[in-house]
Amino acid sequence: MGSHMTWTGDACSSCPIDCVELVSYLHAAEFSFTRLDMAIDVKGFNLRPERATKELKYGRCKTRAKKSPRNDDPREVGYSQYIGKRSSQIHVCIYDKAAEMGVDEDWTRVEFRVKGKRANSAAGQIIRHTDFRSLVVAYADFTAWRQWRQVMAADAVKLPSERQETNTERWLMDQCAPSLARVILLQGTEFYERFKAEVMENLVQLSNNRQVSNDRQTVH
């Protein structure tokens, strides 16, 4: 499996190496990036996440995302508007950073989060010194929102698309994963471990069946 490294935002801030140089070094060392989070802090522009919700509601966001969940739970601090599901390979989050930090300030953070194989493509753009905002507006752009246009003024740079999820994969992610999570929450991890073992047993069986099929084709 190799080694897995998580480099948090605090670690990046305290690192003596510039973040772009760090990504360049890791990329040159043939590290595989599985997730990259990039952010811009917007202060004094009145860029409110609630306005993003309104723009989405009235169809004034140019985006490939099909879902735009928001988090405004009154039991939690702040307000967050997502463009794209958090389980997607790419999504944008616009949220009230001031509320999260407990300060009275006009402070919104725009985060661009990339996972999976597309994280390597994002790392390549970082090395080329592509403006972070270019990646954001290529995925989600509010063309009628004045404050957004002021802050996110950059030419769009689209990350290469990966293959589309199959119906089976979407069903597993959207239906099975939440159901399995509920079982784990209510009953612990015993069933989850049994489920993993069953998956691996089926995988071995499928692999053996494929090998037998290939051997038969070779004989004929």
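Residues numbered from 1 in each chain as written. Predicted model: local features only at pLDDT ≥ 70, side-chain atom pairs only at ≥ 80, totals over all residues. Heavy atoms only, no water.

Q: Got a minute to help me understand the overall build of the protein chain in this structure?
A: A tally of regular secondary structure across the protein chain gives 9 helices and 7 strands. Relative to its full complement of 220 residues, the protein chain shows a buried share of 29%. Across the protein chain, contacts joining residues at least 24 apart in sequence account for 59% of those joining residues at least 6 apart. Accessible surface, the protein chain as shown: approximately 15100 Å² in total, 51% of it carbon and sulfur. Here the protein chain carries 33 positive and 29 negative side-chain charges, and the mean point of each set is 7 Å from the other. (Helix = DSSP H or I, 4+ residues; strand = E, 2+ residues; numbered from the N terminus. Buried < 20%, exposed > 50% of the residue type's maximum accessible area, 1.4 Å probe, protein only. Contact = heavy atoms within 4.5 Å. Areas by Shrake-Rupley, 256 points an atom, 1.4 Å probe, with all protein chains shown as cover. Lys, Arg positive; Asp, Glu negative; His and termini not counted. Charge placed at Lys NZ, Arg CZ, Asp CG, Glu CD.)

Q: How should I be thinking about helix α3 (residues 49-57) in this particular structure?
A: Side chains of residues three or four places apart in an α-helix project in the same direction, reflecting 3.6 residues per turn. For α3, the complete set of buried residues consists of Pro49, Ala52, Thr53, Glu55 and Leu56. The arc that holds the buried residues of α3, viewed along the axis, is 165°, so those residues lie on one side. If you follow the buried residues of α3, they end up packed against β3 (70-71), β4 (80-83), β5 (90-96) and β6 (107-115). Gly59, located one to two residues past α3, shows a positive phi value of around 70°. (Arc of directions from axis to C-beta.)

Q: Is there a simple way to explain helix α2 (residues 19-28) in this structure?
A: Buried within α2 we find Leu22, Val23 and Leu26. Seen along its axis, α2 keeps its buried residues to an arc of 95°; they face one direction. In α2, those exposed residues whose orientation departs by more than 90 degrees from the buried face are Glu21, Tyr25 and Ala28. Check the buried side of α2 and you find it contacts α5 (118-127). Residue Asp18 occupies the N-cap position of α2, its side-chain oxygen lying 3.0 Å from the main-chain nitrogen of Val20. (Polar contact = N/O pair within 3.5 Å; in protein donor to acceptor, adjacent residues only side chain to side chain.)

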